[in-house]
Amino acid sequence: MSPRTAPSKNRAVQARRSVLLADGTIAHGARPRMEEEFLLEALRWMMKSRLYDQKVIALQRQGLFGVYSPGIGQEACIIGSAMAVDPVRDWMVPQYRELMATVHHGLPLEVITAQYLGKIGPARIPEGVKVLPTQVSIAAQLPQATGLAWGLRLRRQDSVVITYVGDGGSSEGDFHEGLNLAGVTRAPIVFFLSNNQWAISTSRKVQTATRNFALRAAGYGFEGVEVDGNDVMAVYDVTCEAVERARSGGGPSLIAAETYRMSFHNTTDNPSRYQDQKDYDEARSRDPIERVQKYLAGLGLWDAKREAQWTEEIREENERAMKMATEAPAPRPEDVFANVYEEPPPRVIRQRADLVDGQGG
Amino acid sequence: MGEMRMIEAVRAAITEEMERDERVLVMGEDVGRKGGVFGATDGLYARFGESRVLDTPLAESGIVGIAIGAALNGLIPIAEIQFADFIHPAFDQIVSEAARTRYRTNGDYSVPIVIRAPFGGGVHGGLYHSQSIEAFYAHVPGLKVVVPSTPSDAHGLLKAAIRDPDPVLFLEHKKVYRLVTEEVPDGDHLLAIGPAAVRREGTKLSCFAWGLMTHYCLQAAQELESEGVSVEVVDLRTLAPLDRDTILESVRRTGKAMVVHEDNLTGGFGAEVAATIAHHAFDSLDGPVVRVAAPDVPGMPFNTPQEDFFMPSPDKIAEAMRQLAAY
Ligand SMILES: Cc1ncc(C[n+]2csc(CCOP(=O)(O)OP(=O)(O)O)c2C)c(N)n1
Ligand SMILES: [Mg+2]
């Protein structure tokens with residue numbers, strides 16, 4: 001029997017993986033892949049993600065930015081996973097909270113910022129960047145990601161797909177269909193599920209009766225891994241393993257990263273209506289960035305001076321991107337007719353002409 | 001009951017019906033502790049508890065399917081779809097199941113559910129938080145499609161929808177939620193599903209709309225009045241069933257007809273209204289039946305210049321009225 005048709009064994013779910021503990025020490029017996037230089041790079045990206053979010057929230061409060069869903073608290077998921085894939089050959093299929101993962105994967109920050117500002121032209125994904133657009137329709141990206149991965153295999157390309165979904169998204173029918181088809185086709189794909197405990201105000205407990213999202217992989221005949229999603233070293237490790245598995249023909253994986261949404265769902269949401277302050281405080285004590293800083297400080301690689309310097313540098317980088325996006329020209333009204341089809345049909349041409357003649361809709 | 005905005009009128013209607021009949025329950029994403037993303041179910045969780053106000057998993061097809069199943073054995077679920085843009089995963093359950101169950105079982109079973117969905121644009125929602133979806137569903141026999149444009153109508157029509165023996169899709173325009181305030185009648189205020197409302201009488205042309213566009217048409221009509229053109233504005237309120245008599249009676253008086261909607265032009269519900277007029281009031285027409293609608297592009301753009309271009313506005317409607325009046 002070929003490996004495609006062989007009935008897959010339902011492998012037991014691995015125990016929750018953990019490398020760097022919340023207090024900044026290495027878990028007993030853990031052997032991390034990330035070396036110090038690389039960890040510093042991860043830290044820099046995580047700080048960039050958080051500083052960008054904080055800046056956007058401040059701008060949104062002044063009416064200068066649209067509705068925004070920050071990744072605060074989830075930076076280890078966002079960066080640890082992105083660092084495990086190869087931007088040159090692998091594809092990234094995001095939902096919406098992984099903004100900085102897509103930037104790590106090659107999407108310039110000013111491009112995605114322009115998208116949030118509705119600047120059509122400057123928001124175009126540059127040639128060669130293997131990132132699909134931000135997904136708003138929850139879980140709709142999953143079957144597409146599977147199809148992308150399946151196609152890569154059919155075309156014998158040495159690439160894998162990483163796609164993201166939330167605890168909420170795991171309840172959609174598309175989650176089931178996407179994962180099931182991935183199992184059946186043994187597509188080279190990594191499903192990265194960020195369980196940040198909330199889907200807007202809905203608790204993770206409402207989404208599934210299983211105790212662990214990784215368990216769901218068993219039903220699809222592939223590997224499920226649970227990981228401390230606030231531990232960038234562990235996230236990186238398990239994602240690397242899943243990518244290697246996919247690349248070497250071992251099929252899909254589901255990574256369930258346990259994390260916490262340390263801010264609101266988006267800038268219109270007020271979590272105090274439904275969130276227990278205790279849970280939030282507890283999550284804060286497991287901050288994904290602080291633990292890396294503590295660990296590196298213990299190695300003599302981090303101190304207040306370096307933090308201040310990096311913060312300053314990153315703010316400048318972020319602001320440069322924001323400035324580029326802000327100053328980019330606003331689209332012209334008639335550009336709404338661009339890209340409806342490759343070849344505009346008569347009705348689009350006619351409606352566009354009506355506008356140019358000043359008659360409007 | 002005092003002055004209310006539409007969002008409060010919706011909440012009042014649900015509350016009253018839940019009090020009146022304990023089979024009525026509310027379900028959907030974030031309808032419980034948060035009270036819905038627009039606050040339509042605010043306070044209901046505290047009042048009626050989690051067995052009657054159910055925060056569901058994030059699964060629209062499941063929400064409607066579960067509502068259907070619960071209804072088949074006598075419950076009366078009000079299912080909320082958080083944004084009309086996200087109703088599409090539930091299309092099969094609504095179109096092939098809820099709408100067809102009575103027919104398919106020769107009347108043995110019926111599905112008396114209400115599906116509420118905030119819809120519409122002009123709120124900087126972009127492609128995924130602005131859609132108008134009424135045309136898909138108004139096409140389907142077995143479903144009723146209601147689109148109130150005022151607080152009082154929302155109240156009376158939603159109560160009627162909850163008591164209706166058939167599935168009702170109840171579309172609430174997001175921009176209308178907090179746009180106007182009006183007195184909502186006390187007592188068992190029920191409005192029949194079906195009849196349109198003449199919002200403003202006029203003699204020169206008839207303008208048909210629903211949801212936010214009713215308000216924009218009224219503004220445009222006001223402007224035309226100052227120019228000496230008398231415009232009648234009819235709020236259809238219900239697209240299925242459609243109040244053909246009121247439409248035709250109005251056009252027979254004015255001789256000119258215009259339909260305004262925010263959905264794309266082609267295949268929008270305006271086409272049905274226009275065809276009805278063209279067929280049944282042909283002899284009364286003194287001009288073409290005009291549609292003012294969004295252009296045929298896939299979505300409401302997020303940025304202001306393009307969103308403004310996409311949306312019909314009071315100015316654009318007024319201009320179309322002028323041209324039609326002068327025809
Ligand atoms: C199909 C669909 N249904 C509903 C929504 C509205 N909505 C936006 S985000 C969200 C919660 C998503 O939760 P989760 O998947 O856990 O992702 P998170 O926001 O926590 O990152 C909901 C219900 C949507 N965008 N798409
Ligand atoms: Mg979540």
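Only a predicted model underlies this, so the values are computations on that prediction, with no experimental measurement involved. (Residues numbered from 1 in each chain as written. Chains lettered and ligands numbered in written order. Predicted model: local features only at pLDDT ≥ 70, side-chain atom pairs only at ≥ 80, totals over all residues. Heavy atoms only, no water.)

1. Topic: the pattern of salt bridges
Residues and elements named next belong to chain B. Tallying each qualifying case throughout the model produces 46 salt bridges over all chains. The closest approach of N and O atoms between glutamate 17 and lysine 159, which form a salt bridge, is 3.0 Å. Of this pair, glutamate 17 sits in helix H1 (residues 6-20) while lysine 159 sits in helix H7 (residues 151-163), and the two are 142 residues apart along the sequence. Of the two residues, glutamate 17 and lysine 159, both sit in the buried class. For the salt bridge of glutamate 172 with arginine 116, the shortest nitrogen-to-oxygen distance reads 2.7 Å. Of this pair, glutamate 172 sits in strand E7 (residues 168-173) while arginine 116 sits in strand E5 (residues 114-119); the two residues are 56 residues apart in sequence, bridging distant segments of the chain. Just as glutamate 172 is buried, arginine 116 falls in that class too. Taken together, the salt bridges that share partners define one network made up of Glu16, Glu17, Arg20, Lys159, Arg163 and Asp188. (Salt bridge = Lys/Arg side-chain N within 4 Å of Asp/Glu carboxyl O. Helix = DSSP H or I, 4+ residues; strand = E, 2+ residues; numbered from the N terminus. Buried < 20%, exposed > 50% of the residue type's maximum accessible area, 1.4 Å probe, protein only.)

2. Notes on the interface of chain A and chain B
At the junction of the two partners, chain A supplies 37 residues and chain B supplies 30 residues. A salt bridge links aspartate 296 of chain B to arginine 347 of chain A; the nearest nitrogen and oxygen atoms lie 3.2 Å apart. Linking chain A with chain B are ten residue pairs in polar contact (both at pLDDT 80 or more), by the criterion used here. When residues of the side of chain A that touches chain B are traced back to their parent elements, those giving at least two are helix H7 (204-207) and helix H12 (346-356) of chain A. Among the elements that line the side of chain A that touches chain B, the one with the most residues is H12 of chain A, at four residues. (Contact = heavy atoms within 4.5 Å. Polar contact = N/O pair within 3.5 Å; in protein donor to acceptor, adjacent residues only side chain to side chain.)

3. Some points on the pairing of strand E3 (residues 161-166) of chain A
In summary, the side chains of a regular strand alternate between the two faces of the sheet. Residues and elements named next belong to chain A. Across the six residues of E3, six count as buried, placing the element largely inside the fold. Alternating positions in E3 separate into two faces, Val161, Thr163 and Val165 on one and Ile162, Tyr164 and Gly166 on the other, with burial throughout. Sheet analysis places strand E2 (residues 91-93) next to E3, joined by three bridges and oriented parallel. Looking at E3, one finds that valine 93 is bridged to threonine 163. (Pairing = 2+ DSSP bridges.)

4. So, the domain arrangement of chain B
All names here are of chain B. The domain boundaries assigned to chain B delineate domain 1 (2-184) and domain 2 (197-325). Summarising the inter-unit geometry, the C-alpha centres of domain 1 and domain 2 are found 26 Å apart. Opposite the 28 residues of domain 1 that make contact, domain 2 presents 26 residues. In total, about 2,100 Å² of surface goes out of reach between domain 1 and domain 2, with carbon and sulfur atoms giving 58% of it. Ranking the residues of domain 1 by area buried against domain 2 places His124, Val147 and Ser149 at the top, with a combined share of 24%. A salt bridge links arginine 199 to aspartate 153; the shortest N-O distance between them is 2.4 Å. Our count for the contact surface shared by domain 1 and domain 2 stands at 15 residue pairs in polar contact (both at pLDDT 80 or more). Contributions of two or more residues to the side of domain 1 that touches domain 2 are made by helix H6 (134-138), strand E6 (144-146) and H7. For the side of domain 1 that touches domain 2, the per-class residue count stands at 13 nonpolar, eleven polar and four charged. (Domains from an automatic or database assignment. Buried area = accessible area lost by both parts, 1.4 Å probe. Nonpolar A, V, L, I, M, F, W, Y, C, P; charged D, E, K, R; others polar.)

5. Here's the deal with the coordination of the magnesium ion (ligand 2)
All names here are of chain A. Here the magnesium ion (ligand 2) is held by the protein donor atoms Asp167 (OD), Asn196 (OD1) and Trp198 (O), which lie 2.0 to 2.1 Å from it. Taken in sequence order, the residues that donate to the magnesium ion (ligand 2) follow the motif D-x28-N-x1-W. Placement of the pair is aspartate 167 in the loop between E3 and helix H6 (173-185) and asparagine 196 in the loop between strand E4 (189-195) and strand E5 (198-199), with a sequence separation of 29 residues. For asparagine 196, a relative accessible area of 4% gives the class buried. (Donors = N, O, S within 2.8 Å, 3.2 Å for Na, K, Ca; no water.)

6. Structural notes on the domain arrangement of chain A
Assigned domains of chain A: these are domain 1 (13-330) and domain 2 (332-361). With centres defined by C-alpha atoms, the gap from domain 1 of chain A to domain 2 of chain A works out at 38 Å.

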